[in-house]
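# Descriptive structure summary
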Amino acid sequence: MPEIEIDGIVTQAPDGATIMEVAEQLGVYIPHFCYHKKLSIAANCRMCLVQVEKAPKPVPACATPATNGMKVFTHSPLAAKAQQGVMEFLLINHPLDCPICDQGGECQLQDLAVGYGMGASRYQEEKRVVFHKEAGPLVSMQEMSRCIHCTRCVRFGQEIAGVMELGMVNRTMHSEIVTFLGRSIDSELSGNMIDLCPVGALTSKPFRFAARAWELSRLPSISPHDSVGANLTVQTLANRVMRVLPRENEAVNECWISDRDRFSYEGVNSPERLTRPQIRVDGKLREVDWSVALDYVAHGLRDIVNTHGADEIAALAAPWSTLEEMHLLQKLVRGLGSGNVDFRPRRMDFAPSGVPAGARWLGMRIAELNELDTALVVGSFVRKDIPLFAQRLRQAAKHNGTRVTLISLGNDDPLMSMHEHVVVAPSELPAALARVVKAAALQCRVPVPAGLEAIVPDIPSEAIATSLRVRGRSMIFLGRVAVQHPHAVQIHVLAQHLSDITGAKIGFFSDAGNIVGGYLSGALPSARNAHSMFTDPRCAYVLLGLEPELDCHNPQLALAALRQADLRVVLSPFVSETMREYADVLLPVTPFTETSGTFVNAEGRVQSFKGVVRPLGDSRPAWKVLRVLGNLLELEGFNQDSSEEVRDAVLPPASLKDGQFASGLDNCIKLPIDAAALVPAKGILERVADVPIYFSDPLVRRAPALQKTNDAQAPTARMSSRTLAQAGVVAGSLVRLRQESLAGSASGAGEAMLTAVLDDGVPDGCIRVSAGHPSTAALGAMFGAISVEAV
């Protein structure tokens, strides 16, 4: 390791490190604009010029490798003069509009101008002006005259987001950062460009002119939207969430967050916030006091137990509920004598009762995604389902040569180098994985698992099996589609066989924020699961934090079951028109910004957080509401005074690994292969149901800026050209869709009117229709037979 001296401090530099990186390790600050530790070296701002002994002129610290015996002076007269000269050039055309700039108070240029700038400008000529540009609803490019051409935003798109949405045109003082052909910025990670911009050129459009940086309080929190558990800094003013920024944690989200994490805060203050308890009186919902509403619920549940039996009570929690909320919900239901409780509303296929199952998790640490040699992702629209996992796989493929393979239901561009990308119809997904299993067994010369005798491997499956077998560290990831598939258990069983044969480990790309926490909380059924509690309707339902009409595997089936029930209790931060139709009791509970609790992310990391603002109106944290209900029902174990007491009852500190990782995580499953699950459907059209990134949960569905993006456009009926021709419909025309289950049952049948769209990325014989949206809620299950006809 070379020995280098910086400002009189001698240290050893890692091989290949630059002067800037060594200085950061020593805590020596060198001014810079274009340099960022996660981006490639551009060396175009020149602000980091330093003096190196025996060098004829100052050199850029960000681009100069540290060599043995090098002596660096970061604040010598020569270095200071060079830095001041660069700053003078940068300010020549910069509009000195700091008092009205949204970046004021947190601007890198402003700070360095004070430290390295001159008291007055010697430039008297007219400044250049760059006209504003329209870049979509999230990123504002209204003040591009402020741009100093550091190109951080350009490099971020190329290197991190995987898509170059911004670029630089022209030269010298006429250079401009522009979007391509006037298109909007649509990346699911685009908001990070705002953080990277060192000046006020790129700013947050939803936050624009809302508050000053120095007025805001800053509090830590955790994102509930996906299983990354991204660390957030939530900024508030006057008890209102104003902005959300990433909180750096290299082991979890690095220094990035997705746009869903960043802009969903707008939904917290939605007009649909539920702020007062309501009960149905004479067919209408009326606002009441908390004591009246809770007494009504307690008496109603007791009456159901006494009249119909405890088994007639069912409870369903949203997978973005906290660990504490799900634990108290299941404790309440079990205390009444029922085992009908679950937290997986979009799943329909479950392992038989009695099959041991631990908490389904990632199978590794998140930071280790970058170190994989081979990754097979089965059934996932990974780029939109979990953007930060996709980003890590993208970096692994780009920098480490990781072979990433995707077996999916659509040809969506993952924006990364792919080893293989196999696109199949939903009913063919188990067979596609089975072909890989058999190919691996034949290559490894081990017995072919029973049930795969009729399976014939093809060329892609041979290549996938080879990559898993001959590469070092390999993982098989089951994504959202695989978990929500009608044969989800068999897909897991096949993955287990592939793991046993190749030595690759199994992991789950869980889509919601607290799936692992749901397993650990005990909110698992001992009787009816999330699907069977609707196929076999109950007399009473308790719903926590979700909208069944949008968040269940079969929304129409769920609504039918709810409408026939005698008691429907909804604990929710929001109220929709559909909810007003079926709910008997509405209890206003708080979103994650107004409560304390714990999320356990995909790697089993236990992350607790506190509310950043006070509850809105008369809403209350759900764990407190459930605790009081337990007291009113005179159940044992409902005497907690804080969410920390509930957490420690579920996950005692002594049970955690390394103080922060949960135990009891296990992806193993031991069941025989069912050959019937490997037979693809024939002679029918099949529905492919994705859950678009901005339809995924109640909070993002109510965030105005996110709902203006291209990813939030209303669902369409997307078909390949061959499917369009077979169906006799024309792209752009209105079509009527009707659906029933894949098995042919009429239960859950429904229809929707959508626009037909040509999309050759959809498998032939399939129609891609998004779930999680009111326009498609009348359809049946997320996967099944579907018919189409022109209107």
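These numbers come from a predicted model, not from an experiment.

### What to know about the overall build of the protein
Regarding its fold elements, the protein presents 22 helices and 32 strands. A globule of 791 residues ought to have a C-alpha radius of gyration of about 28 Å, and the protein, at 28 Å, matches this closely. Principal-axis analysis of the C-alpha atoms places the extent of the protein at approximately 90 × 65 × 60 Å. Of all 791 residues assigned to the protein, the portion counted as buried reaches 60%. For the protein, contacts bridging at least 24 residues in sequence account for 72% of all contacts bridging at least 6. Surface exposure of the protein reaches about 29900 Å², of which carbon and sulfur atoms provide 52%. Side chains of the protein carry 76 positive and 85 negative charges; the gap between the two charge centres is 3 Å.

### Notes on the domain arrangement of the protein
If you check the domain split of the protein, you get domain 1 (3-92), domain 2 (293-350 + 515-655), domain 3 (366-508) and domain 4 (682-790). Summarising the inter-unit geometry, the C-alpha centres of domain 2 and domain 4 are found 30 Å apart. Taken together, the contact pairs 16 residues of domain 2 with 22 residues of domain 4. When domain 2 packs against domain 4, the two sides together hide about 1400 Å² of surface, and 59% of this comes from carbon and sulfur.

### Remarks on the packing of helix H7 (residues 290-308) against helix H20 (residues 622-632)
The geometry of H7 relative to H20 is characterised by a closest axis approach of 10 Å and an angle of 55° between their N-to-C directions. Judged by the inter-axis angle, H7 sits oblique to H20. Relative to H20, the crossing made by H7 is right-handed. Along its contact with H7, which presents Trp 290, Leu 294, Asp 295, Val 297, Ala 298 and Arg 302, the element H20 presents Val 625, Val 628, Leu 629 and Leu 632. Of the residues assigned to the contact of H7 with H20, the class counts are eight nonpolar, no polar and two charged.

### Notes on the sheet that holds strand E18 (residues 403-408)
One open sheet holds the five strands; their spatial order is E19-E18-E17-E20-E21, and the pairing between them is parallel. A strand with exactly one partner marks an edge of an open sheet, and here the two such strands are strand E19 (420-423) and strand E21 (505-508). Between one strand axis and the next, the sheet turns through 15° on average, direction left out of account. Looking at chain direction, strand E17 (residues 374-378) and strand E20 (residues 474-478) are connected through five bridges and run parallel. Residue pairing in the sheet places Leu 376 in a bridge with Ile 476 of E20. Against the sheet, helix H14 (residues 488-502) makes contact with E17, E20 and E21, and its axis sits at roughly 175° relative to E20, the strand it touches most.

### Considerations on the packing of aromatic side chains
One pass over the structure, following the stated rule, counts six aromatic pairs. Between the aromatic rings of Phe 389 and Phe 509, the centroid separation amounts to 5.2 Å while the plane-to-plane angle is 40°, which identifies the pairing as tilted. Note that Phe 389 is positioned in helix H10 (residues 387-399) and Phe 509 in the loop between E21 and helix H15 (515-521), a separation of 120 residues in sequence. The residues Phe 389 and Phe 509 share a single accessibility class, namely buried. Centre to centre, the rings of Phe 599 and Phe 609 are 4.9 Å apart; their planes meet at 35°, and the pair counts as tilted. With Phe 599 in strand E25 (residues 597-600) and Phe 609 in strand E26 (residues 606-609), the pair connects residues that are 10 residues apart, well separated along the chain. The pair Phe 599 / Phe 609 is uniform in exposure class, with both members buried.

### Concerning the side chain of Thr 18
Secondary-structure assignment places Thr 18 in the loop between strand E2 (9-12) and helix H1 (19-26). For Thr 18, a relative accessible area of 10% puts it in the buried group. Those residues in contact with Thr 18 that sit more than four places away from it in its chain are Ala 61, Cys 62, Thr 64, Pro 65 and Ala 66.

### Some details on the UniProt feature "domain: 4Fe-4S Mo/W bis-MGD-type" (unreviewed entry) in the protein
With numbering matched to this structure, UniProt assigns "domain: 4Fe-4S Mo/W bis-MGD-type" (unreviewed entry) to residues 216-272. Counted over residues 216-272, helix gives 9% and strand 35%. Its end C-alpha atoms are 25 Å apart.

### Notes on unusual backbone geometry
Excluding glycine, residues mostly have negative phi values, and the peptide bonds linking residues are mostly trans. The phi angle at Ala 43 is positive, at roughly 55°, despite the residue not being glycine. Phi angles above zero are rare outside glycine, and Asn 170 is one such case at about 70°. Considering the arrangement of structural elements, one finds Asn 170 in the loop between strand E7 (166-169) and strand E8 (176-179).

### A word on H1
Along H1, the residues classified as buried are Ile 19, Met 20, Val 22 and Ala 23. Projected down its long axis, H1 carries its buried residues within an arc of 165°, all on one side. On its buried face, H1 is in contact with strand E1 (3-6), E2, strand E3 (49-52) and strand E5 (70-73). Of the residues trailing H1, Gly 27 is marked for its positive phi of about 80°.

### So, the environment of Leu 323
The residue Leu 323 is located in helix H8 (residues 323-335) in this model. Using a relative accessible area of 0% as the deciding quantity, one classes Leu 323 as buried. As for Leu 323 and Gly 522, which are separated by 199 residues in sequence, their C-alpha atoms are 9.4 Å apart.

What counts, and at which threshold
- Residues numbered from 1 in each chain as written.
- Predicted model: local features only at pLDDT ≥ 70, side-chain atom pairs only at ≥ 80, totals over all residues.
- Heavy atoms only, no water.
- Helix = DSSP H or I, 4+ residues; strand = E, 2+ residues; numbered from the N terminus.
- Rg over C-alpha atoms; globule rule 2.2 N^0.38 Å.
- Buried < 20%, exposed > 50% of the residue type's maximum accessible area, 1.4 Å probe, protein only.
- Contact = heavy atoms within 4.5 Å.
- Areas by Shrake-Rupley, 256 points an atom, 1.4 Å probe, with all protein chains shown as cover.
- Lys, Arg positive; Asp, Glu negative; His and termini not counted.
- Charge placed at Lys NZ, Arg CZ, Asp CG, Glu CD.
- Domains from an automatic or database assignment.
- Buried area = accessible area lost by both parts, 1.4 Å probe.
- Axes fitted to C-alpha atoms, helices over the stretch in contact; angles between N-to-C directions.
- Parallel < 35°, antiparallel > 145°, perpendicular 65-115°, else oblique.
- Left-handed = near helix turned anticlockwise from the far one by under 90°.
- Nonpolar A, V, L, I, M, F, W, Y, C, P; charged D, E, K, R; others polar.
- Pairing = 2+ DSSP bridges.
- Phe/Tyr/Trp six-rings, centres within 6.5 Å; stacked < 30°, edge-to-face > 60°.
- UniProt positions renumbered as here; feature names shortened; annotations may be inferred.
- Arc of directions from axis to C-beta.

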